[in-house]
Amino acid sequence: MGKQYIISMLCAILIAGIATPVAPAIDKRPVAVERWFKKLPHTKEKLTKLHFYFHDVVSGKNSTVVRVAESKATVKSPTVFGSVFVMDDPLTEGPEPYSKIVGRAQGIYSSTSMEEIGFLMTLNFVFTDGKYNGSSLSVLGHNPIFHKYREMPILGGSGAFRLARGIATAKTYRLNNTGDAIVEYNAMVLHY
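- The name recorded for the chain in an unreviewed UniProt entry is Dirigent protein, from Forsythia ovata.
- Per its UniProt entry, the chain bears the Subcellular location (unreviewed entry) comment "Secreted, Extracellular space, Apoplast".
- UniProt, in the comment section headed Sequence similarities (unreviewed entry), describes the chain in these words: "Belongs to the plant dirigent protein family."

This is the structure:
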């Protein structure tokens, strides 16, 4: 009964249109996407530079990260090898927690290194404000979190970032003793 109730509520929210408001700048209907692809050979590729901060909160009652799996060996591992986390982190204009939210980092990261703390990052930067509201970028890459700069590939996107490719560079801005982190991101994105 519990699962059916949750599924029914989610469907009702989507049907009623009371989910998070998004004002898409690009028509996402199949016929519109087909029209967009037909114009693609005549469209010039552009470079977009993005800058924002990622707030990864692992502690406290307002945590944005949940550990969903680990192996028996994880407890003994100095790198928490085998841990899997799901996140829904705010993206902000500035490093302050009260800075304007421009989107969310939603996805999964997993400790995949036995020699250093390094995560396999599989996530979407989902933009909810401004020029790119309703658009997203998909990132998949290795994130050795104690390196000063970490480079991860952008493999795609949606909305304004259809067929995107590029690089997201991460630099830890702040890390506290509970593991909460603020990470500065600079992204260079090629798209149409």
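**Considering the packing of aromatic side chains**
Right, so step 1: All told, the structure shown has twelve aromatic pairs when counted by the stated rule.
Right, so step 2: Ring centres of Phe52 and Phe125 lie 5.0 Å apart, and the angle between their planes is 75 degrees; on these two criteria the pair is classed as edge-to-face. Of this pair, Phe52 sits in strand β1 (residues 46–56) while Phe125 sits in strand β5 (residues 118–127), and the two are 73 residues apart along the sequence.
Right, so step 3: What makes Phe125 buried here is its relative accessible area of 1%.
Right, so step 4: Pairwise contacts between aromatic rings join Phe52, Phe54, Phe125, Phe127, Tyr132, Phe161 and Tyr185 into one cluster.

**Some points on the side chain of Thr64**
Right, so step 1: As for its position among the elements, Thr64 is in the loop between β1 and β2 (65–69).
Right, so step 2: Taking the relative accessible area as the measure of exposure, Thr64 reaches 15% and is therefore buried.

**Some points on the layout of surface pockets**
Right, so step 1: Counted as a void, the largest pocket has a volume near 520 Å³.
Right, so step 2: Every residue lining the largest pocket is counted, 24 residues in all, and those nearest its centre are Asp56, Tyr109, Phe119, Ile145 and Gly179.
Right, so step 3: Of all the secondary structure elements, the ones that give two or more residues to the lining of the largest pocket are β1, β2, β5, β8 (165–175) and β9 (181–191).
Right, so step 4: In terms of residue class, the lining of the largest pocket is built from 17 nonpolar, four polar and three charged.

About the thresholds
Residues numbered from 1 in each chain as written. Predicted model: local features only at pLDDT ≥ 70, side-chain atom pairs only at ≥ 80, totals over all residues. Heavy atoms only, no water. UniProt positions renumbered as here; feature names shortened; annotations may be inferred. Phe/Tyr/Trp six-rings, centres within 6.5 Å; stacked < 30°, edge-to-face > 60°. Helix = DSSP H or I, 4+ residues; strand = E, 2+ residues; numbered from the N terminus. Buried < 20%, exposed > 50% of the residue type's maximum accessible area, 1.4 Å probe, protein only. 1 Å grid on protein atoms, 1.4 Å probe; cavity = no way out; pocket = protein on both sides within 12 Å on 5 of 7 lines; lining within 4 Å. Points joined across faces, edges and corners; volume = space filled by probe spheres on them. Nonpolar A, V, L, I, M, F, W, Y, C, P; charged D, E, K, R; others polar.

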